[in-house]
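# Summary of structural features
Below are the chains, spelled out letter by letter.
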Amino acid sequence: MSLLAKLLRRLALSNPRLEGLYRRVAHPGSREWAEMLRERGDFYAMGEYCAIDPHALIEGRPHIRIGNNVRIATCALFCHDGSVNMINRAYGLHLDNVGKIDIRDNVWIGYQAVILPGVTIGPNAIVSAGSVVRSDVAEGDVVSGVPAKRVG
């Protein structure tokens, strides 16, 4: 790792607003990126030996638990539903929809998968590329499709 990359990593550790610069300049690998997020304490909890693609869109990190040996490709994890803001404005309400995401040990989440609020992905599960997960995934299941269904 170059001196500049090390400096940017240190800065991104102390200031999340600089993580984009770190990502663009240092090009961290998925293991390095996950370790930086773990060190910074971005998630509710995060185990060891994880890999997160630096281009994964992860919203609501404080509401996400990640187990050990989890691999997350370029995908999207959402702990909130943005449509609530539109409903609140339209009807003068003050609703909120935030749900945790719990990813257990030994899980793979494929490219362009979308994980929605309130989902638990059981241990030893695989979420196939392009899947939209809106309900829990059982231990050892392979899910695929829109919405994601058990295929193995």
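Residues numbered from 1 in each chain as written. Predicted model: local features only at pLDDT ≥ 70, side-chain atom pairs only at ≥ 80, totals over all residues. Heavy atoms only, no water.

## Some details on the environment of Gly140
Locating Gly140 in the fold gives a position in the loop between strand S12 (132-133) and strand S13 (142-144). Judged by relative accessible area, Gly140 falls into the partly exposed class, the value being 39%. When the C-alpha positions of Gly140 and Ala125 are compared, they lie 4.5 Å apart, and in sequence the two are 15 residues distant. For Gly140, the contacting residues outside a window of four places in its chain are Pro123, Asn124, Ala125 and Gly152. (Helix = DSSP H or I, 4+ residues; strand = E, 2+ residues; numbered from the N terminus. Buried < 20%, exposed > 50% of the residue type's maximum accessible area, 1.4 Å probe, protein only. Contact = heavy atoms within 4.5 Å.)

## Details of the sheet that holds strand S1 (residues 45-46)
Read from one edge of the open sheet, 4 strands run S1-S4-S7-S10, paired in parallel fashion. Two strands lie at the open edges of the sheet, namely S1 and strand S10 (119-121), each paired on one side alone. Looking at chain direction, strand S4 (residues 64-66) and strand S7 (residues 101-103) are connected through 3 bridges and run parallel. Among the inter-strand pairings, Ile64 is bridged to a residue of S7, identified as Ile101. (Pairing = 2+ DSSP bridges.)

## Examining helix H3 (residues 30-40)
Inspection of H3 places Trp33, Ala34, Met36, Leu37 and Arg40 among the buried residues, and these make up the whole buried set. Each buried residue of H3 sits inside an arc of 160° when the element is viewed along its axis, so together they form one side. Next to the buried residues of H3 lie helix H1 (3-14), helix H2 (19-26), S1 and strand S2 (51-52). Immediately downstream of H3, the backbone of Gly41 shows phi near 75°, a positive value. (Arc of directions from axis to C-beta.)

## Concerning the environment of His80
Relative to the assigned elements, His80 resides in the loop between strand S6 (76-77) and helix H4 (83-91). In this structure His80 comes out as partly exposed when scored by relative accessible area, which is 36%. In this structure, the C-alpha to C-alpha distance between His80 and Ile66, residues 14 residues apart in sequence, is 17 Å.

## Quick notes on the packing of H1 against H2
Two elements in contact, H1 and H2, have axes separated by 9 Å at closest approach and are oriented at 160°. With respect to H2, the element H1 is oriented roughly antiparallel. Crossing of H1 against H2: the hand is left-handed. Between H1 and H2, the residues in contact are Leu4, Ala5, Leu8, Arg9 and Ala12 and Glu19, Leu21, Tyr22, Val25 and Ala26, respectively. (Axes fitted to C-alpha atoms, helices over the stretch in contact; angles between N-to-C directions. Parallel < 35°, antiparallel > 145°, perpendicular 65-115°, else oblique. Left-handed = near helix turned anticlockwise from the far one by under 90°.)

## Points about the packing of aromatic side chains
According to the stated counting rule, one finds 1 aromatic pair in the structure shown. An angle of 20° between the planes, with centres 6.0 Å apart, marks the rings of Tyr22 and Trp33 as stacked. You can see Tyr22 sitting in helix H2 and its partner Trp33 sitting in helix H3, a full 11 residues away along the chain. With respect to burial, Tyr22 and Trp33 carry one shared label: buried. (Phe/Tyr/Trp six-rings, centres within 6.5 Å; stacked < 30°, edge-to-face > 60°.)

## Notes on the pattern of salt bridges
Considering all chains together, one arrives at 11 salt bridges under this definition. Of the charged contacts in the structure, one is a salt bridge between Glu19 and Arg40, with a shortest N-O distance of 2.4 Å. Note that Glu19 is positioned in helix H2 and Arg40 in helix H3, a separation of 21 residues in sequence. What makes Glu19 buried here is its relative accessible area of 12%. What you see here is one network of salt bridges that share partners, running through Glu19, Arg23, Arg40, Asp42 and Arg61. (Salt bridge = Lys/Arg side-chain N within 4 Å of Asp/Glu carboxyl O.)

These values are about where atoms sit, not about what they do.
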